[in-house]
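Residues per chain, in single letters:
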Amino acid sequence: MDDQPSGPPETEIATLLEQGNEADAVAALERLSTAGPATQQACLRSLKAAADEQPELFDGVLPSLTDFLQDSGRPTRLTTAKLVVTISEGAPDSVVPVVPTLAERLADESEFYYVRARCAEALGYVAVDHPDAVVSPAVVADLRIGLEFDKPEVTEKLAKALAHVALGSPERLRYQVDSLAEHLHSDSEVVRYHLSTALVVIGSACPERLADAREALVSCLEDKSRYVRGRAAEALGLLAGTDSTESFPQTQLDDLTVAEEFVAKRAQFALSRHRGTESENGFTGIATRDAIRTQTAEIVSEIRTPEGVDGCPHCGLSLPESGPPLCPGCGTPL
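Residues numbered from 1 in each chain as written. Predicted model: local features only at pLDDT ≥ 70, side-chain atom pairs only at ≥ 80, totals over all residues. Heavy atoms only, no water.

**Observations concerning the pattern of salt bridges**
Working step 1: Counted under the stated rule, the structure contains 20 salt bridges.
Working step 2: Residue Glu-111 pairs with Arg-77 through a salt bridge whose shortest N-O separation is 2.7 Å. With Glu-111 in the loop between helix 7 (99-107) and helix 8 (113-129) and Arg-77 in helix 5 (residues 74-90), the pair connects residues that are 34 residues apart, well separated along the chain. Each of the two residues, Glu-111 as well as Arg-77, counts as buried.
Working step 3: We note a salt bridge from Asp-108 to Arg-105, for which the minimum N-O separation is 2.6 Å. (Salt bridge = Lys/Arg side-chain N within 4 Å of Asp/Glu carboxyl O. Helix = DSSP H or I, 4+ residues; strand = E, 2+ residues; numbered from the N terminus. Buried < 20%, exposed > 50% of the residue type's maximum accessible area, 1.4 Å probe, protein only.)

Structure below.
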């Protein structure tokens, strides 16, 4: 029998935040810290539902919330991490004060891998608008090195975070190009997409650095994913505009000009850059950070839910017909 304090009612904290009673909400979170795990998770799930609609409500309570990332049981830490991801995506300014806590959880190799994955995801969202707050050499190293050693569930989030770091400050990854390119052969299409996207963004600011990834990018022109093929062509187009003396994969790119629209446009962009005629063709939205930022969520959702395959209604992860009771991607009951 659970003899711990019951904590606040399930929706009390969310209601207090909606009413603007921030001090009372902080006090309720302090009481929640002494409650049982079931009560903690129920309250945090109600906060997640509130954050889905109004992430800005949490501006003043993030430090109190992230206490649950450090001194709670694994299920509570994971529920908290998912909540912070939601706030980071919708109101990244609010999360800046707790970046050190998220970075600490990411760096803790003893932490449950789903918690580390979610912390990486949250850091990525914040990095787009606040790279100075997030992109330290230590964080970049944790994200990059994790690609080599972490479980697939983590590497997808690490790759996503790296793509967001690039969107926030592409120059900060300019010396990581060869390391990122090493993982363009990953079994995960999501990882390959995010890393090829990161390389395009880096190339938009430092195109000459893409020479370190040239061989891997040429190989990606034959990737089974049209989105990876398209990003590879885009990156090679940026590289073609430099003084690189390496041979240009014209034949492969010519073949791609009759592929799907996403690929064909980027192959045409690369060929035009190679010929020096891109200004005549007006490739609006190709190889620009703003366009990539707006495209990526929809593309990843499509990758995760291929045509004819059922997916999680909450995160889009593809699932077999007789799937598990909980989604392995987001932990939501199915």
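**A word on the environment of Gly-241**
Working step 1: Along the chain, Gly-241 turns up in the loop between helix 15 (226-240) and helix 16 (250-256).
Working step 2: With a relative accessible area of 47%, Gly-241 lands in the partly exposed category.
Working step 3: The spatial distance from the C-alpha of Gly-241 to the C-alpha of Ser-272 is 9.5 Å, given a sequence separation of 31 residues.

**Digging into the packing of helix 10 (residues 137-149) against helix 11 (residues 152-168)**
Working step 1: Running from amino to carboxyl end, helix 10 crosses helix 11 at an angle of 145 degrees, the nearest separation of the two axes being 9 Å. Every pair of crossing elements has a handedness; the one defined by helix 10 and helix 11 is left-handed. Contact residues: Leu-143, Arg-144, Gly-146 and Leu-147 in helix 10; Thr-155, Leu-158, Ala-159, Ala-161, Leu-162 and Val-165 in helix 11.
Working step 2: A breakdown of the residues in the contact of helix 10 with helix 11 according to their chemical character gives 7 nonpolar, 2 polar and 1 charged. (Axes fitted to C-alpha atoms, helices over the stretch in contact; angles between N-to-C directions. Left-handed = near helix turned anticlockwise from the far one by under 90°. Contact = heavy atoms within 4.5 Å. Nonpolar A, V, L, I, M, F, W, Y, C, P; charged D, E, K, R; others polar.)

**Looking at the layout of surface pockets**
Working step 1: If you add up the space inside the second largest pocket, you get close to 220 Å³.
Working step 2: Forming the walls of the second largest pocket are 13 residues, and the residues nearest its centre are Glu-109, Arg-116, Gly-146, Phe-149 and Asp-150.
Working step 3: Elements with a minimum of two residues in the lining of the second largest pocket: helix 7, helix 8 and helix 10.
Working step 4: Here the lining of the second largest pocket gets 5 residues from one element, more than from any other, and that element is helix 10.
Working step 5: A class-by-class count of the residues in the lining of the second largest pocket yields 6 nonpolar, 1 polar and 6 charged. (1 Å grid on protein atoms, 1.4 Å probe; cavity = no way out; pocket = protein on both sides within 12 Å on 5 of 7 lines; lining within 4 Å. Points joined across faces, edges and corners; volume = space filled by probe spheres on them.)

**Some remarks on the nonpolar core**
Working step 1: Core analysis: the biggest nonpolar cluster contains 105 residues, and Leu-47, Phe-58, Leu-65, Leu-102, Leu-143, Leu-199 and Leu-253 have the highest contact counts within it.
Working step 2: For this core, the element with the most residues is helix 8, which contributes 11 residues.
Working step 3: In this structure, Leu-65 is in contact with Leu-29, Leu-44, Leu-47, Phe-58, Thr-80, Leu-83 and Ile-87, ignoring residues within four places of it in sequence. (Core = buried A, V, L, I, M, F, W, Y, C linked by side-chain atoms within 4.5 Å.)

**Topic: the packing of aromatic side chains**
Working step 1: One pass over the full model with this rule turns up 6 aromatic pairs.
Working step 2: Their ring planes at 35 degrees and their centres at 4.7 Å tell us that Tyr-113 and Tyr-114 sit as a pair that is tilted.
Working step 3: Residue Tyr-113 is classed as partly exposed on the basis of its relative accessible area of 24%.
Working step 4: The class for Tyr-114 is buried, based on a relative accessible area of 15%.
Working step 5: Considering the side-chain rings of Tyr-193 and Tyr-227, the 6.5 Å spacing of their centres and the 80 degrees angle between planes classify their relative orientation as edge-to-face. Linking Tyr-193 in helix 13 (residues 189-205) with Tyr-227 in helix 15, this pair joins segments that are 34 residues apart in sequence. A single burial state applies to Tyr-193 and to Tyr-227, both of which are buried. (Phe/Tyr/Trp six-rings, centres within 6.5 Å; stacked < 30°, edge-to-face > 60°.)

Spatial relationships are all this shows, so hold off on functional conclusions.
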